[in-house]
Amino acid sequence: MFLTVTTDAAAAATMAASVVGGVALEPLMDVEAVAEAANANSNAVHRRNRSWQCRKDAADPWRVPGTLQHAVNGDETRYANRIGNYSKGLPHNSFGEVDANAYRSLLDAIGSGNPADFDAIILDGPNKLTNLQGGPAFDLEGADSHALAVPAPPPIASAEMASEGVEHYWMKLLLDANFLDYDSHPDAAAASADLNQFGADFKGPKAGGQVTPQTLFRDVLPGATVGPYISQFLWLNTPVGTQRVERRQRTFLPDTSHLTSYGNWLAVQNGYFPENAAADFDPVRRYIRNGRDLAQWVHIDVLFQAYFNACLILGTPPGSDPLSGGIGCPPNPGNPYIGNPPHFKALLCEVASRALKVTWRKKWQVRRLRPEAWGGLVHNQITSNRYPGVIDSRQLNSPAVARTFTRYGTYLLPQVFPEGSPTHPSYTAAHATVAGACVTILKALFNENTVIPNPVVPAPDGLSLAPYTGPALTVGGELNKLASNVAIGRNLAGVHWRSDTRESMRVGEALAISILRDQRACCNEPFKGFTFTRFDGTTVTV
């Protein structure tokens, strides 16, 4: 028997029924509704009003900027054959140029947003396009996916694009070189010299105005060029409660690249899977030593995995088990929650899901081509003069391109993954956007100025760790390096561009700051805010 209350609030509460497995359940009595009916000034009413006001105050500022238009580089209208844009999975001609009707069906679906139009996109092979409807989804925390802007990516005919292409070909030639050997490796020196011909058009880090083996394939983020290439958070053991996770991983054998055969490359552009990697794996697990190892790490990782591991390493005291991997980093001085509560661990997952909505929105609105498609342009220009005047001659004449042909018999860009890139556009990058968001949360939680005790480097064979000697490594620098490692790891694999990673990390950081702002407004404790260093080296207080 259920109590019936005649007030409007209680009547509405008792009318709401639940359905489980198709069976209607009797409505439960809303106790707060009864209390509200008895006392209009009750605590329940006050709480509900405050909750509503909190949500409204968080949402109102985002109404002012409105929805931002995406900056595009003009390639889609500049080239009628769409060679500057993503089209993988759609049908292509023998040069890898997309069928015009198929591309129009893609544009129609993106323009209308109608689910039926997405189903009508003209595809070729069984490989389906990924998450075209992720960008329109809403979130109730932080900036809306449509409210954050990124600059336009470089056009395919620009010097910056050519510099990124040259970097890609050198990345593939150096995949099996140990990062710790770059300072003495002749290919690292040759890559640095080749990139230096682009001057300011190459946006990677430099020392004294020059790309060097120490800055090669690194990032301009604070701390990212200090010490070893790989962040300590990808090497140190990870404490998980009473367990310890060793960081040796399953990786690929040397020189196991893919999509170097033109027939296989074209089949993949059309959405087929002609290759597999069943025989590519090293039977021995190893610590990350080189570009191929790092590329495999970012091939199948959970997108917030690296940062969740870092959170556990930072927040766990060394205690009596020196092998646990915990370093007991002090909290950020502005963090009112001493002790690394579960709230922040959950927040790493929260910002990751929201970052993905942001990046899906950018990807399908900008539609930048993947590096594997760029390799097709390079190959067809050199072999058939298909695109005269489009690609910077420094890309076409790079010694890395010539050496790629000597090794593989084509000018295509080798890929670490047998499937090549994912089936969605390149700009922005999901891994890099999530990296920017999650690392920002960790900086808000932990004291970024803390020096990491007992840093390590792997042995040349990747089977053990040894003490690192060199400049001090700070938590902030190694977190920035971690974000860079994950983001540029995708470049090393051949699936993203340097400008993808740069702008994606920045937009991820902006998203995380907006979420921290909303989170702070929900806290009961008064505090001055989280203060930390942004990727551009400035400080911010949220």
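What you see is a predicted model, and the numbers here were worked out from it, not measured in a lab. Within each chain, residues carry numbers counting from 1 in the order of the written sequence. It should be noted that, the model being predicted, local features are given only for residues of pLDDT at least 70 and side-chain atom pairs only at 80 or more, the latter also being counted only at that level, while totals for whole chains, interfaces and linings use all residues. Derived side-chain values reflect all non-hydrogen atoms in the structure, with water molecules and hydrogen atoms excluded from consideration.

## Side note on the overall build of the chain
Moving on, step 1. Secondary structure elements are defined from DSSP: runs of H or I of at least 4 residues count as helices, runs of E of at least 2 residues count as strands, and each element is numbered from the N terminus. What the chain contains, in helices and strands, is 18 helices and eight strands.
Moving on, step 2. Over its C-alpha atoms the chain spans a radius of gyration of 26 Å, differing by no more than 12% from the 24 Å that the globule rule assigns to 542 residues.
Moving on, step 3. Projecting the C-alpha coordinates of the chain onto the three principal axes gives extents of approximately 85 × 60 × 45 Å.
Moving on, step 4. Accessible area is worked out with a 1.4 Å probe on protein chains only. A residue is then buried under 20% of its type maximum, exposed over 50%, and partly exposed in between. In the chain, which comprises 542 residues, the proportion classed as buried is 54%.
Moving on, step 5. Between two residues, a contact is recorded if the distance between any of their heavy atoms is within 4.5 Å. In the chain, once contacts between residues fewer than 6 apart in sequence are set aside, the share between residues at least 24 apart is 76%.
Moving on, step 6. The accessible surface values rely on the Shrake-Rupley method and a 1.4 Å probe; as for residues, cover is taken only from the protein chains in view. If you sum the accessible surface of the chain, you get close to 22900 Å²; carbon and sulfur atoms cover 55% of it.
Moving on, step 7. With 46 positive and 49 negative side-chain charges, the chain shows a separation of 3 Å between the mean positions of the two kinds. Atoms considered for the radius of gyration are the C-alpha atoms alone. The globule rule reads 2.2 Å times the number of residues to the power 0.38. The charged-residue count follows a simple rule in which Lys and Arg add positive charge and Asp and Glu add negative charge, with His and chain termini not counted at all. The location of each charge is read from NZ of Lys, CZ of Arg, CG of Asp or CD of Glu.

## Observations concerning helix H18 (residues 498-522)
Moving on, step 1. Between its terminal C-alpha atoms H18 stretches 37 Å, which fits the 36 Å expected from 25 residues at 1.5 Å a residue.
Moving on, step 2. Of all 25 residues that make up H18, 19 are buried, and the element is covered over most of its length. A helix is expected to reach a length of 1.5 Å times the quantity of its residues less one.

## A closer look at the nonpolar core
Moving on, step 1. Put simply, buried Ala, Val, Leu, Ile, Met, Phe, Trp, Tyr and Cys residues joined by side-chain atoms within 4.5 Å make one nonpolar core. Within the largest apolar cluster, 113 residues are counted, with the highest numbers of intra-cluster contacts made by Ile156, Leu216, Phe217, Tyr307, Trp374 and Leu492.
Moving on, step 2. The dominant element in this core, judged by the number of residues it contributes, is helix H16 (residues 430-445), at 10 residues.
Moving on, step 3. Ignoring anything within four residues of it in the chain, the contact list for Tyr307 reads Leu348, His431, Val434, Ala435, Cys438, Val439, Leu442, Leu482 and Val486.
Moving on, step 4. Among the nonpolar cores identified, the runner-up in size contains 15 residues, and Val98, Ala109, Ile121 and Trp364 belong to it.

## Observations regarding the packing of helix H11 (residues 305-315) against helix H17 (residues 475-493)
Moving on, step 1. Axis angles are defined between N-to-C directions and span 0 to 180 degrees, where every axis is a line fitted to C-alpha atoms and, for a helix, only to the segment in contact. For the pair H11 and H17, the least separation of the axes is 11 Å and the interaxial angle reads 160°. Looking at the two axes, H11 sits roughly antiparallel to H17. Regarding H11 and H17, the two cross each other, and that crossing is right-handed. Facing Ala306, Tyr307, Ala310 and Leu314 of H11, the residues of H17 in contact are Val475, Leu479, Leu482 and Val486. Throughout, the term roughly parallel applies to angles under 35 degrees, roughly antiparallel to angles over 145, roughly perpendicular to angles from 65 to 115, and oblique to all others. We call a crossing left-handed when the near helix sits turned anticlockwise from the far one by less than a right angle, and right-handed when that turn is clockwise.

## Some details on the packing of aromatic side chains
Moving on, step 1. Each Phe, Tyr or Trp ring, with Trp reduced to its six-membered ring, pairs with another whose centre is within 6.5 Å; inter-plane angles below 30 degrees give stacked pairs, above 60 give edge-to-face pairs, and intermediate values give tilted ones. Under the criterion given, the structure shown has eight aromatic pairs.
Moving on, step 2. Taking the centre distance of 4.1 Å and the plane angle of 10° together, the rings of Phe179 and Tyr229 count as stacked. In this pair, Phe179 is assigned in the loop between helix H7 (159-173) and helix H8 (186-196) and Tyr229 in the loop between H8 and strand S3 (238-240), connecting sequence segments 50 residues apart. The same class applies to Phe179 as to Tyr229, namely buried.
Moving on, step 3. Relative to Trp265, the ring of Tyr262 has its centre 5.2 Å away and its plane inclined at 40°; by these criteria the two rings are tilted.

## Description of the pattern of salt bridges
Think of it this way: side chains of opposite charge can pair up when their charged atoms draw near.
Moving on, step 1. By definition here, a salt bridge exists when the distance from a side-chain nitrogen of Lys or Arg to a carboxyl oxygen of Asp or Glu is within 4 Å. Counted by the stated rule, this structure contains 23 salt bridges.
Moving on, step 2. When salt bridges with common partners are traced through the structure, they connect Asp139, Glu141, Arg354 and Lys357 into a single cluster.

## Quick look at the state of the cysteines
Moving on, step 1. Criterion for a disulfide: a pair of cysteine sulfur atoms at a distance within 2.5 Å. Taken as a whole and judged by the stated rule, the model has zero disulfides.
Moving on, step 2. Not engaged in a disulfide, the cysteine Cys54 finds its nearest cysteine sulfur in Cys522; these two sulfurs lie 3.8 Å apart.
Moving on, step 3. Here Cys54 falls in the partly exposed class, since its relative accessible area comes to 24%.
Moving on, step 4. Not part of a disulfide, Cys523 finds its nearest cysteine sulfur in Cys522, a span of 7.1 Å.

## Some details on unusual backbone geometry
Moving on, step 1. Cis peptide bonds are those with omega within 30 degrees of zero, and the linkage from Tyr427 to Thr428 qualifies with 5°.
Moving on, step 2. Structurally, Thr428 is set in the loop between helix H15 (399-408) and H16.
Moving on, step 3. Phi is positive for Leu259, which is not a glycine, with a value near 60°.
Moving on, step 4. Among the residues examined, Leu259 registers a relative accessible area of 0% and is labelled buried.

## Quick word on the environment of Ala352
Moving on, step 1. Considering the arrangement of structural elements, one finds Ala352 in helix H12 (residues 342-366).
Moving on, step 2. Along the sequence, Ala352 and Gly470 sit 118 residues apart, while their C-alpha atoms lie 33 Å from each other.
Moving on, step 3. Discounting chain neighbours no more than four positions away, the residues touching Ala352 are Phe304, Val434 and Cys438.

## Considering the confidence of the model for the chain
Moving on, step 1. pLDDT measures the predictor's confidence residue by residue and takes values from 0 up to 100. Confidence in the prediction for the chain averages 90 pLDDT; 90% of positions are at 70 or higher.
Moving on, step 2. Note on residues 1-29: pLDDT is under 50 here. Beyond four places in sequence and across chains, it has 23 contacts.

## Focus: the side chain of Asp219
Moving on, step 1. Relative to the elements of secondary structure, Asp219 occurs in the loop between H8 and S3.
Moving on, step 2. The buried charged residue Asp219 lacks any salt bridge partner; its closest oppositely charged side chain belongs to Arg498, at an N-O distance of 4.2 Å.
Moving on, step 3. N or O atoms closer than or at 3.5 Å make up a polar contact, with two conditions inside protein: a donor-capable atom paired with an acceptor-capable one, and, for residues adjacent in sequence, both atoms drawn from side chains. Within the structure, Asp219 has its side chain in polar contact with the side chain of Ser484 (distance 3.0 Å).
Moving on, step 4. Leaving out residues up to four positions away in the same chain, Asp219 has contacts with Pro205, Ala224, Thr225, Ser484, Ile488, Arg498 and Met505.

## What about the environment of Lys528?
Moving on, step 1. Tracing the backbone through its elements, the reader meets Lys528 in the loop between H18 and strand S7 (531-533).
Moving on, step 2. A C-alpha to C-alpha distance of 37 Å links Lys528 and Ala207, two positions 321 residues apart in sequence.
Moving on, step 3. Setting aside residues no more than four positions away along its own chain, Lys528 makes contact with Arg520 and Thr541.

## Comments concerning H8
Moving on, step 1. Where H8 is concerned, the buried positions are Asp187, Ala188, Ala191, Ser192, Asp194 and Leu195. For H8, the buried positions fall inside an angular range of 165° around the axis, keeping them on one side. H8 presents Pro186 and Ala193 as exposed residues on the side facing more than 90 degrees away from its buried surface.
Moving on, step 2. On the buried face of H8, the contacting elements are H7 and H15. Our arc is simply the arc of the directions from the helix axis toward the C-beta atoms.

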